[in-house]
Structures are given as C-alpha cells and as structure tokens.
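# Results of the structural survey
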Amino acid sequence: MLCEKEIVARFLETDLLVAPEVVQYIRDQDDPALIDRIIATVPSGAFFVSPECIQAEKKERDGMRFLADPHLKVLQGKDGDCGCIQDFEEYVTYFRNRFTRLSSVLKGRVQPVPIEALQRTGRYRDEDVSFIGMVSEVRSTASGNKMAELEDPTATMRVLFNKSREGFEEAEKLLPDEVVGVKGKLSSDGNIFFADTLVRPDIPISHAPIHSDQPGRAVLISDVHVGSDTFLEDAWHRFAAWLGDHPEIGYLLVAGDLVDGIGVYPGQEQELVIKNIYEQYRAFGRMLSTLPSHLRIVLAPGNHDVVRGAEPQPAIPEEFREGYPDNCVWVENPALISLQGVHVLMYHGRSYDDMIGMIPGASYCHPEEIMEEMLKRRHLAPTFGLRTPIAPAERDPLIIDPVPEVLFTGHVHISGIKKYRGVLMVNAGTWQSQTAFQKQMNTVPTPARAVVLDLRTVDHEMLDFSQPGEPVRLP
Ligand SMILES: [Fe+2]
Ligand SMILES: [Fe+2]
C-alpha cells in the first residue's frame with residue numbers, strides 16, 4: 001500500500017500540494033496509477049489538489065453520474081456536548097431558559113403583560129389582554145371546563161378555558177410545563193383569567209423547508225435492539241444487501257435503542273440471545289462494518305442503550321465503540337444533524353410515553369400525531385417528572401429551535417409519517433418483532449422498515465424488508 005509520504009512526494013514532484021482527504025482517498029484505493037490520473041485533471045496554474053479534484057474519480061468508482069459527496073454536520077448534540085448533572089439548583093436555570101426562549105417565539109403573536117402587573121393594578125380588569133406562562137397545573141372542572149395555573153417569572157395566574165369557546169380542543173391538550181400564550185379577559189377582582197384564545201409557539205405558517213441543491217439520499221431507521229431474541233436478523237441482512245446495491249445513499253441515521261441492553265425491564269435476560277452489553281455493541285459494530293464504507297452512519301442512543309436515561313442522553317461511550325467502522329458518527333439524544341444543508345432533528349422519543357397518556361385521542365399507533373404535538377409546543381419532552389427523565393442544564397436542549405426540515409423519532413416501534421407545516425415527521429419503527437411485553441399490551445409493531453429521505457426534495461419513501469425478496473414500497 002502507498003504510504004502518506006510517498007503520495008505527498010509524488011504530487012510535490014509536479015509542484016502540487018495535496019489535501020489530506022485526497023491522500024486518504026488514494027491510500028484507500030491502493031492504486032498507484034490513480035495519482036497520475038488525478039494530476040492529469042488538475043487545471044494548469046493550480047498548485048493545490050483539493051477534494052473536488054477527485055470527484056470524477058469517485059463517480060467512476062461508484063458507477064453513478066451524479067453522486068453527491070456525503071456532507072454531514074452535527075449542529076446540536078455533538079459527542080461531549082451535554083455535561084454531567086452537577087447541581088439540582090440548575091433546574092431553576094433550566095426552566096427559566098425554557099420560558100425565555102419559548103416566550104420569544106410567542107412574542108410575535110402575543111403582546112404579553114407580566115402576570116404580576118395584571119394582578120397589581122386595576123388597569124387591565126375587564127379588558128382584552130394577553131400574557132405568556134408555563135403551565136404548572138391543569139385539571140378539568142366539574143362542569144367540563146379546563147382550569148390551568150400558568151406561571152411567569154413574576155407570579156402565577158389561574159386561567160379558565162370554557163368548553164363552549166371555539167378552539168377548546170386545544171385547551172384539552174394542555175400539558176404541564178409547556179409554555180403558552182393566552183388572550184382573554186381578567187376577572188373584575190383580578191384573580192382569574194377567562195381565556196378566549198390559546199397560542200402555542202408552533203411552527204410558523206410561512207416555514208419553508210430548505211432542500212439540498214445536490215442529489216443525496218439518507219436512510220432513517222431506529223430501534224434495532226441487537227441482542228434481543230426478537231431482533232430480525234434475516235430482515236437486517238436483506239436491508240444490508242439492499243444498501244450495498246444503492247451507492248446513491250450517503251447516510252444512515254439510527255435514532256436509538258441500538259442494542260436491547262441489560263436489565264432494562266424485569267426478566268429481560270430471558271429474552272436476550274446476547275447477555276453481555278459489550279457483546280451486544282460488538283455485534284452491532286460487526287453488522288455496520290459490512291455496510292458500504294462511503295455511508296456516513298449517525299448513531300444516537302435511546303432508553304435501552306448503555307448511557308444515562310436522563311435527556312439529553314450522552315453519546316455511547318468510547319469503550320463500547322470497539323470494532324465500529326470509521327464512518328460512524330456518534331451523537332447525543334437529541335441531536336440536530338445537517339445533511340447537505342437539510343436539518344434532521346433526531347430524538348429517540350421517550351416522551352411518547354408521557355404525551356400519549358395526557359393527550360386525548362393519542363395512541364401508540366399514530367406516532368406522527370404526537371410528533372405534531374411536539375412541533376406545536378416546539379419541545380420534544382414538555383412535561384417534567386413523569387417517565388421521561390430530564391437532566392438540568394443552562395440551556396434547554398429539548399427545545400425545537402431552529403425548526404428542522406425533518407423530525408425523526410423512534411421508541412414506539414410503530415412507523416408513522418406525516419408533514420406538518422412543511423416539516424416531515426418520521427417514525428421508522430423497529431427491527432424487532434413483537435416482544436412478550438408488547439403482546440401483553442396488545443401492541444403490534446411494524447418491524448424491518450426503513451425510510452429513504454431524498455435530500456433534494458425532502459420527500460420520502462418507506463421500504464419494508466420483513467419478507468424475503470425485494471423490499472416492498474409502502475404507500
Ligand atoms: Fe425500542
Ligand atoms: Fe426506546
């Protein structure tokens with residue numbers, strides 16, 4: 001194999017400097033004639049061989065006319081971004097940050113008066129007025145109305161949403177700790193606020209998703225659960241073979257529950273074929289090593305993975321990455337990834353367990369409906385203190401900002417796709433067939449599915465690898 005020094009020296013002989021990426025590419029190809037071919041394509045007068053100079057070579061190698069180079073950037077949730085939990089007083093800072101940032105999103109549509117000012121002076125009584133608050137409590141009244149307590153940094157206010165008002169169904173979906181704006185009237189004694197309108201931070205109606213100007217495709221999957229006796233190995237092999245036949249796919253994103261883990265639920269060891277956590281990760285690493293080496297593989301953790309459950313979850317630690325190919329990118333949960341400029345927000349989706357219980361009509365069968373609720377609240381896990389543990393931080397990393405082109409989640413093992421105000425919402429399902437627990441709960445998963453995302457159109461197609469033969473394109 002050509003060594004780095006030899007490659008650099010060959011270029012220097014013709015007065016050319018060479019980019020490290022080009023040197024690496026030549027080393028990977030191990031083809032001595034390649035250097036002369038590249039030199040022949042360098043424009044006269046140029047003194048530097050940049051990665052662009054080898055595009056033609058790469059296209060020829062992959063047999064594709066318009067293969068875009070994978071271009072990936074982790075914008076939020078980089079490995080090492082989230083620190084350890086230091087001090088529980090940080091929760092005060094955390095919630096203040098949530099309130100401040102979501103209020104600023106609301107301020108274009110709500111002209112808020114601080115709650116303390118509403119209560120202190122008689123000026124606002126019986127007048128149309130607005131304020132912004134974080135929901136500290138919400139309940140139904142005996143007459144079927146909704147009573148909420150909203151809090152801002154100055155004071156708290158009781159707010160009544162009357163069931164006969166238009167838009168009451170939105171008030172029925174109020175969740176503790178979400179930040180909302182309300183418009184309405186204050187009672188004559190100033191103690192209660194009668195809401196006419198509820199305003200959520202939401203996605204702007206004018207939101208126009210950005211498309212890549214280059215061709216490119218990404219595949220989105222989640223919940224592989226390697227190590228479980230219900231992991232669908234045959235389907236995975238079909239998927240791996242299919243990826244090998246599709247060099248136009250530049251990226252593979254995996255949104256958590258990479259392995260089944262150990263001790264995640266009582267009696268799990270009876271359902272494991274790999275009972276050692278290191279072995280589970282090694283097995284997944286071997287699976288990824290057989291995939292095309294040009295793929296950029298983004299790996300985020302989920303609640304079955306080896307990291308802490310509190311969100312943001314750190315990236316899988318180094319000690320579990322042994323044997324993984326170099327093309328893996330390890331990120332936190334959540335993480336915002338730019339693929340050729342298209343922003344994909346990856347979130348495993350633990351908060352489904354909380355939101356489904358609190359939003360009337362919500363169900364595990366329709367994860368896309370819950371993703372829409374996340375987007376409306378501009379928050380991935382609005383409610384604190386239930387099943388989704390949240391780590392305190394100076395800045396709330398679960399706020400959806402900026403608005404992504406794609407919101408990509410997993411966790412529920414049921415696929416679902418929908419667009420909301422231009423944002424494509426994807427849940428790709430799982431690679432695990434029905435578990436004993438899901439049988440008890442009457443949950444029917446949709447396994448062995450992958451979603452192909454076209455970065456130039458931000459359009460998708462869902463493929464089903466569960467049956468032998470070619471994958472089935474689902475409607
Ligand atoms: Fe899972
Ligand atoms: Fe999960």
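Residues numbered from 1 in each chain as written. Chains lettered and ligands numbered in written order. Predicted model: local features only at pLDDT ≥ 70, side-chain atom pairs only at ≥ 80, totals over all residues.

### Observations regarding the overall build of the protein
Assigned secondary structure in the protein consists of 12 helices and 19 strands. Principal-axis analysis of the C-alpha atoms gives the protein an extent of 85 × 60 × 45 Å. Looking at the 475 residues of the protein, the share that counts as buried comes to 39%. For the protein, restricting intrachain contacts to residue pairs at least 6 apart in sequence, the fraction spanning at least 24 positions comes to 70%. (Helix = DSSP H or I, 4+ residues; strand = E, 2+ residues; numbered from the N terminus. Buried ≥ 20, exposed ≤ 12 C-beta atoms within 10 Å, placed from the backbone. Contact = placed C-beta atoms within 7 Å.)

### Here we look at the packing of helix α1 (residues 4-13) against helix α2 (residues 20-29)
Remark: α1 packs on α2, axes separated minimally by 10 Å, with the N-to-C direction vectors making an angle of 115 degrees. Two packed elements cross with a definite hand, and for α1 against α2 that hand is right-handed. Contact with α1, carried on its side by Glu-4, Ile-7 and Val-8, involves Val-23, Ile-26 and Arg-27 of α2 and no other residues of that element. Looking at the contact of α1 with α2 residue by residue, the classes come out as four nonpolar, no polar and two charged. (Axes fitted to C-alpha atoms, helices over the stretch in contact; angles between N-to-C directions. Left-handed = near helix turned anticlockwise from the far one by under 90°. Nonpolar A, V, L, I, M, F, W, Y, C, P; charged D, E, K, R; others polar.)

### A few points about the nonpolar core
By size, the foremost hydrophobic cluster in this structure holds 99 residues, and its most contacted members are Leu-220, Leu-253, Val-254, Met-346 and Phe-408. Each of domain 2 (72-83 + 206-474) and domain 3 (107-199) contributes no fewer than three residues to this core. Grouped together as the second largest cluster of nonpolar side chains are nine residues, Ile-7, Val-22, Ile-26 and Ile-38 included. (Core = buried A, V, L, I, M, F, W, Y, C linked by C-beta atoms within 7 Å. Domains from an automatic or database assignment.)

### A look at the domain arrangement of the protein
Taken domain by domain, the protein comprises domain 1 (4-60), domain 2 (72-83 + 206-474) and domain 3 (107-199). Centre-to-centre separation of domain 2 and domain 3, based on C-alpha positions: 37 Å. Taken together, the contact between domain 2 and domain 3 spans 10 residues of the former and six residues of the latter. Breaking the side of domain 2 that touches domain 3 down by element, the ones donating at least two residues are α10 (352-358) and α11 (367-377). Tallied by class, the residues present in the side of domain 2 that touches domain 3 amount to six nonpolar, two polar and two charged.

### Overview of the environment of Asp-202
In this fold, Asp-202 is placed in the loop between β8 (192-199) and β9 (217-221). Linking Asp-202 and Leu-272, residues 70 residues apart in sequence, is a C-alpha distance of 42 Å.

### Comments concerning unusual backbone geometry
Note that the residue after Asn-333, namely Pro-334, is joined by a cis bond; omega there is 5 degrees. Within the fold, Pro-334 resides in strand β12 (residues 328-339). Here Asp-401 and Pro-402 are connected by a cis peptide whose omega angle stands at 5 degrees. Within the secondary structure, Pro-402 sits in the loop between α11 and β14 (406-409). Here the phi dihedral of His-225 falls at roughly 55 degrees; this positive angle occurs in a residue that is not glycine. Inspection of the secondary structure assignment puts His-225 in the loop between β9 and α8 (233-244). Residue His-225 is classed as buried on the basis of its 28 C-beta neighbours within 10 Å.

### Side note on the sheet that holds strand β4 (residues 128-140)
Spatially, β4-β5-β6-β8-β7 is the arrangement adopted by the five strands of the closed barrel, whose pairing is mixed. Within the sheet, the average angular offset between the axes of one strand and its neighbour, ignoring direction, is 55 degrees. In this structure, strand β5 (residues 146-151) lies alongside strand β6 (residues 156-161), joined through six bridges in antiparallel fashion. Residue pairing across strands places Ala-148 opposite Val-159, the latter belonging to β6. Running at roughly 65 degrees to strand β7 (residues 179-186), helix α5 (residues 90-106) makes contact with β4, β7 and β8 of the sheet. (Pairing = 2+ DSSP bridges.)

### Focus on the confidence of the model for the protein
Averaged over every residue, the pLDDT of the protein is 92; the share at 70 or more is 96%. This stretch, residues 59-68, has a pLDDT under 50; its non-local contacts, to residues over four places away or in other chains, come to 17 contacts. (pLDDT = per-residue confidence, 0-100.)

### Quick notes on the environment of Pro-360
Looking at the element boundaries, Pro-360 is found in the loop between α10 and α11. With 7 C-beta atoms packed within 10 Å, Pro-360 lands in the exposed category. Look past the residues within four positions of Pro-360 in its chain and what remains in contact with it is Glu-172 and Lys-173.

### Observations concerning the pairing of β4
The pairing of β4 with β7 spans seven bridges and is classified as antiparallel. Bridge pairing in β7 links Ile-132 to Gly-181. Sheet topology places β4 next to β5; six bridges connect them, and they run antiparallel. What sits directly across from Ser-140, in β5, is Lys-146.

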